[in-house]
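Overview (structure and organization)
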Amino acid sequence: MEEVDKILIHSLRQAGTAVPPEVQSVRDLTPELVVEAAVRCLRAVRPSLGAPLNPLLPPGISARFRLASDLAAACQELGFGGDVGYQTFLYSSEHDTRRLLLFLVEKLPRDEGERGAEPPGKSGALLRAIGAQIREELGTPWVPPVCRTPRLQRLQGTSHLRPFTTCPLVLPQSGGSPELQEYFGGAAPPVPAQPPLSSQTPPALLETHTAQLCSRHDWEAEWGGPRLPPQEHLERKRLRALEPLRQACPPHPQGPSPGTPLDPAWLLEAFGAGGAGGALPKGSRFTRTQHLTHEQDPQVLLQQIQAAAETLQPPKGPEEDPRSRQASEEAALEETLARLEAEIEGCRGEIRAAQLSLTQAEAEVQQGRGALGGREDALRVKARAVELLPDAQNNMAKLQLVVESSSRRIVSLAGQWERHRGPLLAEYRQLRALRDSAQRESSRRLAETRALLQRSRAAAEEARRKETLHAQLVAELEALPRDVSRAVYTQRILEIVGNIRKQKEEIGKILEDTRALQKEINALLGKLERTFSVTDELLFKDAKRDEVVRKAYKYLAALHENCAQLIRTIEDTGTIQREIRDLEEQIEGESSAKLPASLERILSDCRALREENALLAARARHA
């Protein structure tokens, strides 16, 4: 196990793990080294699993548990079949750690294996050229289009980049009212169809995803302790964003009434447009950049502030507390929101009732139309009959003539159809028979083609195997000494062939004797059976009248049974003797193999190999 630990630690160092020199076994590995080694191996085996993981064990207990759990999940996804969890990395035993690290080290990619797995010939050269080109392009830094050299233009292209233009997206939500879910389920357009241009879809998705990530991170990291509900978090965030505006906004000098507009000069002073002293203490990077790069006209800014002031509710008086103003504003807004929600619900109920009434009215109209169509047909028939009533006899005769002519025409058309149908049906059957025969012929040829293809593949595989064997035999032939006489080997081969021929002749003679003996045995058995049958019949006829014959019949049956048992015993004895000879031959074969000597030789070779490895390791340490 010590040698295994040394090889394992050496592999971990090659993978990038900073294992100290004093660590010589898995027992000496600390949890920090185990985590680092696992992360390095995961990054080398599958970068998508190891990239999000930190190779350094954090100081916090919860962070350690999270990192260890993520490592355990990554190892299970990689295919580790043992029991793995956070305890495997933080409180693991020597056996579990060695087993996990051996699994990860076995999964590490090896350059020799990768090169050996590449197909030979032109395809392997093409794959290596493609890999080299991709590595070259990945190693080349990005350069703006106007600064690219001809070589970079061939690698990175000459087209300019498109502007990052986004648009708001409406994404489906899991919660909400049933009407909102119905809207998301049927009426809402899909996300790729919402941007006006297809080129704006990726930027819009990136912006929406970034906003969701920022909101989630703000929600998780901003408030320490237990997490707040989303609505309460948004409300606190809104109040915190409005607080700097209220602090920076000075009280109104005259306390205007609710109906009077705000003074533009007071607004300029409140929002920092009148001078340097009235600027807000805080601002985003975008507002500061816009203020520094794009200096706006004071008149334009004043018009914008006046337009914004029309939508703001003015303060009730300088003596009121900002919190009371905020409470009154919130109460008014909540009352307006409740009233609007009630009106929306009422409108929705009216719409549902109107839709139901419309559906019922459409159904009644469809039923009325169907009934009206049937009545119109009946009315036309009755009107036609009423028109024919004044001259009923003549009209009946005319109708009879029309019916008879229609019948004769139908009979004539049926005869014509039969005359045409016979040849067409015969032709159809003939064509179907030709198609079936063609399909059978094509299936047969397809089967023959597949069989030929399979035989060709087998022949090609056999040819490759024989070529390999030929090359191996040629190499062995070249390695043999040249001073050996060929006549000696030829003489030995001829002797072996002669011995084999003699053995075959003896085997043939033995087989002929065995067949003759078997025929003789079968003939004797048949004669015995026939003799017994005849004797049995003669004795059985006289056994009914003579007591002596009855005893002779019993003795004959006992004699036949004893002879049959004796024959079975002799056959079983021959079978057992053959098995004994087979076992003796096996024992002789095992004894001739000299297993103890072979085992001793293997052990001696193993000891010699270990001594050589130790010598090489000592040389490597001294070097």
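The structure presented is a predicted model; accordingly, all values stated were derived computationally and were not measured.

1. Some details on the overall build of the chain
When you go through the chain residue by residue, the secondary structure sums to 20 helices and zero strands. Among the 623 residues that make up the chain, the fraction classed as buried is 14%. Long-range contacts, defined as pairs at least 24 residues apart, comprise 42% of the intrachain contacts of the chain with a sequence gap of at least 6.

2. Comments concerning the pattern of salt bridges
In total, this model carries 13 salt bridges according to the counting rule given. In this structure, the salt-bridge partner of Glu462 is Lys466, at a minimum N-O distance of 4.0 Å. Placement of both Glu462 and Lys466 in helix α17 (residues 392–479) is noted, with a separation of four residues, approximately one turn of the helix. Residue classification places Glu462 among the partly exposed positions, given a relative accessible area of 31%. Three or more residues joined by partner-sharing salt bridges are found here, namely Glu441, Arg444, Arg445 and Glu448.

3. Observations concerning the packing of helix α2 (residues 31–45) against helix α6 (residues 94–107)
Contact pair α2 / α6: the axes reach a minimum separation of 9 Å and the direction vectors enclose 25°. It follows that α2 is roughly parallel to α6 by the angle criterion. Crossing of α2 against α6: the hand is left-handed. For the pair formed by α2 and α6, the contact residues are Val34, Ala37, Ala38, Cys41, Leu42 and Val45 on the first element and Thr97, Leu101, Leu104 and Lys107 on the second. In terms of residue class, the contact of α2 with α6 is built from eight nonpolar, one polar and one charged.

4. Observations regarding the confidence of the model for the chain
Of all residues in the chain, 75% have pLDDT values of 70 or greater, and the mean over the chain is 76. Mean pLDDT across the elements of the chain ranges from a minimum in helix α7 (residues 111–117), with 44, to a maximum in α17, with 89.

5. What to know about α17
Taking 1.5 Å per residue as the helical rise, α17 with its 88 residues ought to reach 130 Å, and the 123 Å between its terminal C-alpha atoms agrees with that figure. Of all the bends in α17, the largest measures some 25° and sits at Arg421, one to four residues before the proline Pro423.

6. Notes on a nonpolar patch on the surface
A contiguous nonpolar patch, built from Leu126, Leu127, Ile130, Ile134 and Leu138 and spanning about 500 Å² of accessible area, is present on the exposed surface. Counting through the fold element by element, Ile130 comes out in helix α8 (residues 122–139). What makes Ile130 partly exposed here is its relative accessible area of 40%.

7. Notes on the side chain of Gln200
If you trace the backbone, Gln200 turns up in the loop between α10 (178–187) and α11 (201–221). If near-sequence neighbours (up to four positions away) are discounted, Gln200 is found in contact with Thr165, Cys167 and Pro195.

8. Concerning the nonpolar core
Side chains of a nonpolar character, in soluble globular proteins, are inclined to be buried together. Of all hydrophobic cores here, the largest spans 35 residues; its most connected members are Leu29, Val35, Leu42, Leu53, Leu71, Phe89 and Leu104. Only α1 (2–14), α2, α4 (61–78), α5 (86–90) and α6 provide two or more residues apiece to this core. Sort the elements by how many residues they give to this core and α2 lands first, with eight residues. If we skip the residues at most four places from it in the chain, Leu104 touches Ala38, Cys41, Leu42, Val45, Cys75 and Leu78.

9. Quick word on α2
Given a rise of 1.5 Å per residue, 15 residues ought to cover 21 Å, and the 21 Å separating the end C-alpha atoms of α2 matches this to within 8%. If you check which residues of α2 are buried, you get Leu33, Val34, Val35, Glu36, Ala37, Ala38, Val39, Cys41 and Leu42.

10. Looking at the environment of Arg348
As for its placement among the helices and strands, Arg348 is situated in helix α16 (residues 322–388). Between the alpha carbons of Arg348 and Glu179 there is a distance of 9.6 Å; along the sequence they are 169 residues apart.

11. Here we look at the environment of Leu90
Inspection of the secondary structure assignment puts Leu90 in helix α5. Owing to a relative accessible area of 12%, Leu90 belongs among the buried residues under this scheme. Each C-alpha atom of the pair Leu90 and Arg64 lies 8.2 Å from the other, and the pair is 26 residues apart in sequence. Setting aside its immediate chain neighbours within four residues, Leu90 contacts Pro31, Leu57, Arg64, Phe65 and Ala68.

Reading the values: the criteria
- Residues numbered from 1 in each chain as written.
- Predicted model: local features only at pLDDT ≥ 70, side-chain atom pairs only at ≥ 80, totals over all residues.
- Heavy atoms only, no water.
- Helix = DSSP H or I, 4+ residues; strand = E, 2+ residues; numbered from the N terminus.
- Buried < 20%, exposed > 50% of the residue type's maximum accessible area, 1.4 Å probe, protein only.
- Contact = heavy atoms within 4.5 Å.
- Salt bridge = Lys/Arg side-chain N within 4 Å of Asp/Glu carboxyl O.
- Axes fitted to C-alpha atoms, helices over the stretch in contact; angles between N-to-C directions.
- Parallel < 35°, antiparallel > 145°, perpendicular 65-115°, else oblique.
- Left-handed = near helix turned anticlockwise from the far one by under 90°.
- Nonpolar A, V, L, I, M, F, W, Y, C, P; charged D, E, K, R; others polar.
- pLDDT = per-residue confidence, 0-100.
- Expected span 1.5 Å × (residues − 1).
- Bend = angle between axes of the 7 residues up to and from the residue.
- Patch = residues over 30% accessible without salt bridge, like charges linked within 9 Å, V, L, I, M, F, W, Y side chains within 5 Å.
- Areas by Shrake-Rupley, 256 points an atom, 1.4 Å probe, with all protein chains shown as cover.
- Core = buried A, V, L, I, M, F, W, Y, C linked by side-chain atoms within 4.5 Å.

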